[in-house]
Amino acid sequence: MTSGNGYEAYEGAGELLRALSAPIRVAIVTELAGGERCVHELVETLGAPQPLVSQHLRVLRGAGVVRGSRRGREIAYALVDEHVAHIVADAVSHAREAR
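Treat the numbers as computed from the prediction; the structure is a model and nothing was measured. (Residues numbered from 1 in each chain as written. Predicted model: local features only at pLDDT ≥ 70, side-chain atom pairs only at ≥ 80, totals over all residues. Heavy atoms only, no water.)

K.L.:
Tell me about the pairing of strand 3 (residues 74-79), and please be specific about residues and values.
P.N.:
Relative to strand 3, strand 1 (residues 37-38) is paired through two bridges, and the arrangement is antiparallel. When the bridges of strand 3 are listed, cysteine 38 appears paired with alanine 76. Relative to strand 3, strand 2 (residues 66-71) runs antiparallel, the two being bridged by six bridges. Bridge assignment links glycine 68 to a residue of strand 3, and that residue is tyrosine 77. In this structure, the hairpin formed by strand 2 and strand 3 is closed by a connection of two residues, where glycine 72 is found at a positive phi of approximately 70°. (Pairing = 2+ DSSP bridges. Helix = DSSP H or I, 4+ residues; strand = E, 2+ residues; numbered from the N terminus.)

Quick look at the structure:
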């Protein structure tokens, strides 16, 4: 591989794809593509335990995929960038076609 800005973009893309590598994180991003959600809403929709959803949100937040903003006693999560929603939607669509 070459060095410089081109490779840095590949590294960034790799980090993004690693952050999206868990099926539950793909599901979270898919849900957030429809608008911001609190943890309890994601737990309800995904049928996953709250600690698990929170852990995956932490990974997505650390990767710069989601951001949280306080809404009273809760934190509402939203996608930082709509590009990620498109990447996930395309990946899910591709996976469905492959079957």
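K.L.:
Describe in detail the packing of helix 3 (residues 39-46) against helix 4 (residues 50-62), supporting the description with residues and values.
P.N.:
For the pair helix 3 and helix 4, interaxial distance at closest approach is 9 Å and the crossing angle is 115°. Classified by the angle their axes make, helix 3 and helix 4 are roughly perpendicular. The handedness of the crossing between helix 3 and helix 4 comes out as right-handed. Contact with helix 3, carried on its side by Val39, Leu42 and Val43, involves Gln50, Val53, Ser54 and Leu57 of helix 4 and no other residues of that element. Its residues assigned to classes, the contact of helix 3 with helix 4 comprises five nonpolar, two polar and no charged. (Axes fitted to C-alpha atoms, helices over the stretch in contact; angles between N-to-C directions. Parallel < 35°, antiparallel > 145°, perpendicular 65-115°, else oblique. Left-handed = near helix turned anticlockwise from the far one by under 90°. Contact = heavy atoms within 4.5 Å. Nonpolar A, V, L, I, M, F, W, Y, C, P; charged D, E, K, R; others polar.)

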